[in-house]
Structures are given as C-alpha cells and as structure tokens.
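# Structure assessment
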Amino acid sequence: NEIPTSSFDCHKELNAWHKEANDNISLFPNDMIDEKKLRQLNIDDSKVDHQSFNNLNVIQYAAYQGDLCLLEKAVSYGAAIDYPVLNHHVADSNERNDGETEAAPPGTTALLLACMVLALYSGRILRKELQKDKKLAQQLKGNLECAIQLVKLGADCGVVLRYDNFNHGGFVMEVMKSIGIDNNNAYQMAVKSEKIALTRAMKIFESIEDKIKLVHCRCGSRIPWKDCHGHTT
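Everything numeric in this text was worked out from a predicted model, so none of it was measured. Residue numbers here run from 1 along each chain, matching the order of that chain's written sequence. Note on the predicted model: pLDDT of at least 70 is required for a residue's local features to be given, and 80 or more for side-chain atom pairs to be given and counted; whole-chain, interface and lining totals, by contrast, use all residues. Only hydrogens and water are set aside when side-chain values are computed; all heavy atoms of the structure are taken into account.

### Some remarks on the overall build of the protein chain
Helix numbering and strand numbering both begin at the N terminus, where a helix is a DSSP run of H or I of at least 4 residues and a strand a DSSP run of E of at least 2. For the protein chain, the helix and strand inventory stands at twelve helices and zero strands. Reading the protein chain from its N end, one meets helices and strands in the order α-α-α-α-α-α-α-α-α-α-α-α. Note on classification: 1.4 Å probe, protein chains only; a residue is buried when its accessible area is under 20% of the maximum for its type, exposed when over 50%, partly exposed between these limits. Buried residues in the protein chain amount to 45% of all 233 residues. Here a residue-residue contact requires only that any non-hydrogen atoms of the pair lie within 4.5 Å. Considering only residue pairs separated by 6 or more positions, the protein chain has 67% of its internal contacts joining residues 24 or more positions apart. Per-residue accessibility takes into account occlusion by the displayed protein chains alone, with areas from the Shrake-Rupley method and a 1.4 Å probe. Looking at the protein chain as shown, the accessible area adds up to about 12400 Å², and 51% of this sits on carbon and sulfur atoms.

And the structure:
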C-alpha cells in the first residue's frame with residue numbers, strides 16, 4: 001500500500017479502511033450506537049450512558065461492557081486506544097449524575113476498565129455466581145476478548161488505576177477498592193484476574209520492539225499491521 005500524499009488520497013484511504021472494517025466486523029449488536037451515529041460522533045470525547053459509569057467514551061464503554069464488536073468498530077473509525085477519562089469528563093458527569101451512576105476516575109483507559117471487571121470477578125465465591133448468571137458470564141468473556149485485543153492493538157499495560165484521592169466514586173469503585181486494585185496497573189489486575197491468555201498476551205507485547213513487530217492493524221482484520229495495511233509491495 002502506498003502512503004497517501006494528499007487530503008484527497010487520505011480521504012480515499014479512510015473510506016477504504018471503513019469498508020474493510022465493515023467486511024471484517026460484520027456483526028454490530030449494539031443497537032444503542034448504530035453505524036450512522038458512530039460516524040457522526042466525536043469518538044474520543046462523546047459520552048455513552050452506562051448503568052455503572054456516566055463519563056465513558058465509546059471505546060471505554062465497549063471495553064467495560066465486554067462488547068468486542070463495538071470496540072473494534074470504534075478503533076477502525078479512529079478511536080484512540082489509550083484515551084483516558086479526563087478531569088473535565090468527571091466534572092461534567094457529576095453535574096448530570098442521576099444518583100444511580102457514578103464517575104470513573106480520571107486517567108482510566110479502556111484496557112484498565114476491562115481488566116478491572118475481570119479482576120473483580122476472579123474470586124472463588126464470585127466465580128460460583130457466574131454459574132448462576134449466564135448473562136454476566138457472557139459479558140466477562142467479552143471483557144476478556146476486549147482486553148486481549150486492546151493489548152494486541154498496542155494498549156499501554158502500565159497505566160495505573162488511581163482513585164485514592166478521587167472523591168466522586170460510588171459503590172462500584174468502593175467494591176474495586178475492597179479487592180485491592182487501587183494503584184494497580186493493567187498487568188497487575190490481569191494477574192489478579194487469573195486469565196492466563198491475557199497475561200500471556202501482555203508479556204508478548206511487553207517491549208516496544210515486539211509491539212512494533214506484532215501490533216494488530218486497526219482495520220479489524222486481527223492480524224499484524226505489517227502484514228495488513230503496513231505491508232508494502
């Protein structure tokens with residue numbers, strides 16, 4: 001593939017990527033965020049309502065919800081992999097808080113959110129609960145898939161979840177704090193989750209050199225970029 005040299009070429013290239021993403025990601029189950037809306041969003045700054053947190057953007061929502069299809073679609077449309085919850089996101093979310101949802105701490109990324117959920121449900125007692133709740137079990141499978149794919153897309157596993165001085169949290173964050181994952185990074189939470197496939201992926205993508213060599217293409221193909229849109233003929 002040749003590198004685009006003009007805005008017209010870039011536009012053509014972007015349209016081609018979107019078409020390939022549609023081909024590679026044929027399922028789009030999230031009826032709240034349809035294709036048209038996703039194209040129109042400021043994809044990093046637009047907020048998506050969730051039953052737990054009220055200040056997540058699209059990719060953060062997808063990772064926390066365990067919606068791999070939505071996550072990959074957002075990435076193919078240009079979502080920043082490690083885009084964090086920002087301070088003004090927290091302020092805005094608390095202004096419109098309905099009392100039932102809460103704000104995720106500043107600095108939280110999509111990978112941290114996915115790992116946070118996996119760590120929460122790693123205990124033996126909670127694993128028993130999964131046997132009764134098939135819907136939750138399915139979501140956790142999605143959380144794991146999202147976390148692994150984010151790692152393969154080059155997400156930073158060293159970003160730390162910090163909420164020791166965060167005053168806008170609620171029940172969800174108190175539960176997270178009770179299991180000791182405050183001030184943990186994504187890798188540490190992955191270890192606590194006991195998900196071997198996830199920690200293995202993180203180790204494979206540990207060095208900058210390995211990331212450059214193995215990082216997946218953003219188009220949704222799930223193959224290394226160097227063998228996909230980074231391949232030169």
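### Comments concerning helix α10 (residues 186-193)
Residues Ala186, Met189, Ala190 and Ser193 constitute the buried set of α10. Angular distribution of buried residues about the axis of α10 spans 105°; they occupy a single face of the element. Along its buried surface, α10 packs onto α6 (110-120) and α11 (196-204). The N-terminus of α10 is capped by Asn185, whose side-chain oxygen sits 3.1 Å from the backbone nitrogen of Tyr187. Our arc is simply the arc of the directions from the helix axis toward the C-beta atoms. Two N or O atoms form a polar contact when they lie within 3.5 Å of each other; inside protein one atom must be a possible hydrogen donor and the other a possible acceptor, and for residues adjacent in sequence the pair counts only when both atoms belong to side chains.

### Focus on the side chain of Asp44
Tracing the chain through its elements places Asp44 in the loop between α2 (35-40) and α3 (58-65). As a buried residue without a salt bridge, Asp44 has its nearest oppositely charged side chain in Arg218, at a separation of 7.1 Å. Within the structure, the side chain of Asp44 is placed 3.0 Å from the backbone nitrogen of Ala80, a separation counted as a polar contact. The convention is simple: Lys and Arg are positive, Asp and Glu are negative, and His and the chain ends are not counted. A side-chain nitrogen of Lys or Arg and a carboxyl oxygen of Asp or Glu constitute a salt bridge if their distance falls within 4 Å.

### Observations concerning the packing of α6 against α10
In this analysis an axis means a line fitted to C-alpha atoms, helices contributing only their contacting stretch, and an angle means the value between N-to-C directions, from 0 to 180 degrees. It is at 8 Å that the axes of α6 and α10 come closest, and there the two elements cross at 25°. In terms of orientation, α6 and α10 fall into the roughly parallel class. Both α6 and α10 take part in a crossing whose hand is left-handed. From α6, Leu111, Leu112, Cys115, Met116, Leu118 and Ala119 reach across to α10, where they touch Ala186, Met189, Lys192 and Ser193. In the scheme used here, Gly and all other residues not listed as nonpolar or charged are polar, with Ala, Val, Leu, Ile, Met, Phe, Trp, Tyr, Cys and Pro taken as nonpolar and Asp, Glu, Lys and Arg as charged. Residues that form the contact of α6 with α10 fall into these classes: eight nonpolar, one polar and one charged. If an angle is under 35 degrees, it is roughly parallel; if it is over 145, roughly antiparallel; if it lies from 65 to 115, roughly perpendicular; otherwise it is oblique. Helix crossings get a hand from a simple test, with the near helix turned counterclockwise from the far one by less than a right angle marking a left-handed crossing and a clockwise turn marking a right-handed one.

### Some details on the environment of His89
Position of His89 relative to the elements: it lies in helix α5 (residues 87-95). Along the chain, His89 and Pro105 lie 16 residues apart, while their C-alpha atoms are 9.4 Å from each other. Residues in contact with His89, not counting those within four places in the same chain, are Asp45, Lys47, Asn55, Tyr83 and Pro84.

### Topic: the environment of Tyr61
Secondary-structure assignment places Tyr61 in helix α3. Tyr61 gets classed as buried once you look at its relative accessible area, which sits at 7%. For Tyr61 and Leu113, which are 52 residues apart along the polypeptide, the C-alpha to C-alpha distance reads 8.6 Å.

### Examining unusual backbone geometry
Leaving glycine aside, a negative phi is the common case for residues, and trans is the common case for peptide bonds. In the Ramachandran plot, Asn183 falls in the positive-phi region, its phi being about 65° despite a non-glycine side chain. Relative to the helices and strands, Asn183 is located in the loop between α9 (171-178) and α10.

### Some words on the pattern of salt bridges
Counted by the stated rule, this structure contains three salt bridges. With its nearest N and O atoms 2.7 Å apart, the salt bridge here joins Arg222 to Glu72. Of the two residues, Arg222 is situated in the segment after α12 (208-214) and Glu72 in helix α4 (residues 68-76); the sequence distance between them amounts to 150 residues. Overall, Glu72 belongs to the buried group, its relative accessible area being 5%. The shortest N-O distance in the salt bridge between Lys226 and Asp227 comes to 3.3 Å.

### Looking at the confidence of the model for the protein chain
The quantity known as pLDDT measures the predictor's confidence residue by residue, on a range of 0 to 100. Considering every residue of the protein chain, the mean pLDDT works out to 79; 71% of them sit at 70 or more. Summarising per-element confidence for the protein chain, the mean pLDDT is lowest in helix α1 (residues 7-24) (48) and highest in α11 (96). Counting interchain partners and residues more than four positions distant, the pLDDT-below-50 stretch residues 1-8 has eight contacts. Every residue in residues 20-29 is under pLDDT 50, and counting partners more than four places away or in other chains gives 26 contacts.

### Overview of the nonpolar core
Only buried residues count toward a nonpolar core, which is a set of Ala, Val, Leu, Ile, Met, Phe, Trp, Tyr and Cys residues joined through side-chain atoms within 4.5 Å. Residues Phe53, Leu111, Met116, Leu150, Leu198 and Met202 are the most contacted members of the largest nonpolar core, which totals 58 residues. The element best represented in this core is α6, accounting for eleven residues. Discounting residues that sit within four places of it in the chain, Met116 has contacts with Phe53, Tyr64, Leu161, Met173, Met176, Ile181 and Met189.

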